[in-house]
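Structural overview
Spelled out, the chains give:
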Amino acid sequence: MKNIKSYPTEDELPPVKTLNEIDFSATYSYADYMRFEFEERLEIIKGHLFKMSPAPSRIHQGISGNIFGPIYNALKSKPCRVYSAPFDVRLAQKSQDDKEVFTVVQPDIAVVCDPAKLDQRGCIGAPDIVVEILSPGNNKKELINKYEVYEEAGVKEYWIVSPAHKTFFRYILDENGKFQPTKMLTEGEVVTTSIIPGLKLILEEVFQD
């Protein structure tokens with residue numbers, strides 16, 4: 001009888017222990033992502049891997065805390081929850097099956113108001129608010145792709161914060177599912193949002209070192 005060679009299924013594939021084992025030209029799903037066991041952080045955007053910046057700088061972390069704190073306080077006794085990175089957000093399109101999810105990102109801050117989207121591994125579906133704090137390592141292609149996947153997924157508000165320029169851009173999803181920008185904000189101005197009633201994010205305090 002002829003021997004038939006068997007191949008491992010995707011569930012039986014060994015874990016990926018070093019970054020050197022990664023083929024950045026290949027397409028990856030969340031199931032692949034779950035096999036990664038190295039310390040370096042990666043995101044998957046439309047099946048393509050992107051290296052995340054090294055550990056955030058002190059200023060980056062400070063700004064993140066200055067945004068997270070007021071949001072956390074404003075959400076007390078409210079159904080929405082706020083999370084800071086590392087926090088996996090899986091943006092599924094056709095199926096929530098791990099093998100069919102091709103975008104997994106770790107925004108600096110995410111606000112989720114639908115508890116059904118939360119599980120032990122993070123968020124499955126679009127957060128209500130996503131905050132990205134720019135760093136020197138941000139790739140322009142990465143930023144463009146993130147804008148697209150957040151818009152396609154239905155993120156209600158996308159905030160982009162630039163520590164270098166002390167600017168705050170806020171994109172709001174319109175009734176046609178397209179992001180519309182507000183004016184550029186900076187120190188001396190206050191950010192509010194209908195998603196978090198009572199929140200007043202004072203930008204002079206956000207950028208305070």
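Residues numbered from 1 in each chain as written. Predicted model: local features only at pLDDT ≥ 70, side-chain atom pairs only at ≥ 80, totals over all residues. Heavy atoms only, no water.

Concerning the state of the cysteines
Short version of the rule: Disulfides are defined in this document as cysteine sulfur pairs within 2.5 Å. Strands are runs of DSSP state E lasting at least 2 residues, helices are runs of H or I lasting at least 4, and numbering of each runs from the N terminus.
Considering all chains together, one arrives at one disulfide under this definition. Paired through a disulfide, Cys80 and Cys113 show a sulfur-sulfur distance of 2.0 Å. Because the torsion about its S-S bond is 100°, the bridge between Cys80 and Cys113 counts as right-handed. Residue Cys80 is located in the loop between α2 (58-74) and β3 (81-84), and its partner Cys113 is located in the loop between β6 (109-112) and β7 (118-119); the two are separated by 33 residues in the primary sequence. With no disulfide partner, Cys123 has as its closest neighbouring cysteine sulfur the one in Cys113, 10 Å distant.

Quick word on the pairing of strand β11 (residues 167-173)
The line we're drawing: Two strands are said to pair when DSSP picks up at least two bridges between them.
In terms of strand pairing, strand β10 (residues 157-162) meets β11 through six bridges, oriented antiparallel. Paired with Tyr158 across the strands is Tyr171, a residue of β11. Between β10 and the antiparallel strand that follows it, β11, lie four residues; Lys166 among them carries a positive phi value of about 55°. For β11 and strand β13 (residues 185-186), the ladder comprises two bridges, and the chain directions are antiparallel. Bridge pairing links Phe168 to Leu185 in β13. By the bridge criterion, three bridges tie β11 to strand β12 (residues 179-181) in an arrangement that is antiparallel. Residue pairing across strands places Tyr171 opposite Pro181, the latter belonging to β12. In this antiparallel pair of consecutive strands, β11 and β12, the connection spans five residues, and Gly177 shows a positive phi of 75°.

Overview of the side chain of Ser29
Using the following cut-off: Pairs of N or O atoms are called polar contacts if they sit within 3.5 Å, as long as, within protein, a hydrogen donor faces a hydrogen acceptor (for residues adjacent in sequence, only side-chain-to-side-chain pairs).
Mapped onto the secondary structure, Ser29 falls in the segment before α1 (30-33). At 3.2 Å, the side chain of Ser29 and the backbone nitrogen of Ala31 are in polar contact.

With respect to unusual backbone geometry
Keep this limit in mind: Throughout this description, buried means an accessible area under 20% of the type-specific maximum (1.4 Å probe, protein chains only), exposed means over 50%, and partly exposed covers the range between.
Cis peptide bonds are those with omega within 30 degrees of zero, and the linkage from Ala85 to Pro86 qualifies with 5°. Turning to its location among the elements, Pro86 is positioned in the loop between β3 and β4 (89-90). Phi at Lys46 takes a positive value of approximately 55°, unusual for a residue other than glycine. Owing to a relative accessible area of 36%, Lys46 belongs among the partly exposed residues under this scheme.

Notes on the nonpolar core
As a reminder of what qualifies: Here, nonpolar core refers to any group of buried Ala, Val, Leu, Ile, Met, Phe, Trp, Tyr and Cys residues whose side-chain atoms link them within 4.5 Å.
Core analysis: the biggest nonpolar cluster contains 24 residues, and Ile67, Ile71, Trp159 and Ile196 have the highest contact counts within it. Elements that contribute at least two residues to this core include exactly α2, β6, β9 (129-133), β10 and α4 (203-206). With four residues, the top contributor of residues to this core is α2.

Comments concerning the pattern of salt bridges
To keep things clear, this is the line we draw: Put simply, a salt bridge is a Lys or Arg side-chain nitrogen that is within 4 Å of an Asp or Glu carboxyl oxygen.
Throughout the structure, instances matching the rule amount to 12 salt bridges. Asp209 is paired through a salt bridge with Arg58; the nearest N and O atoms lie 2.7 Å apart. Linking Asp209 in the segment after α4 with Arg58 in helix α2, this pair joins segments that are 151 residues apart in sequence. Take Asp209 and Arg58: they sit in the same class, and that class is exposed. The salt bridge involving Lys156 is made with Asp128; its shortest N-O contact spans 3.2 Å. One end of the pair, Lys156, is in the loop between α3 (140-153) and β10; the other, Asp128, is in the loop between β8 (122-124) and β9, with 28 residues separating them in the sequence. The class for Lys156 is partly exposed, based on a relative accessible area of 45%. Judged by relative accessible area, Asp128 falls into the buried class, the value being 8%.

With respect to the packing of aromatic side chains
Put simply, the test is: Pairing of aromatic rings covers Phe, Tyr and Trp, the last through its six-membered ring, and needs centres within 6.5 Å; plane angles under 30 degrees mean stacked, over 60 mean edge-to-face, and all others mean tilted.
Scanning the model with the defined rule gives 13 aromatic pairs in all. Here the aromatic rings of Tyr30 and Tyr33 are separated by 5.6 Å at their centres, their planes lie at 25°, and the arrangement is stacked. You can see Tyr30 and its partner Tyr33 sitting in helix α1, three residues apart, about one turn around the helix. Judged by its relative accessible area of 0%, Tyr30 falls in the buried class. The buried category is assigned to Tyr33, whose relative accessible area is 12%. Centroid distance Tyr171 to Phe179: 6.3 Å. Interplanar angle 50°. Geometry classified as tilted. Taken together, the ring pairs in this structure connect Tyr147, Tyr150, Tyr158, Tyr171 and Phe179 into an aromatic cluster.

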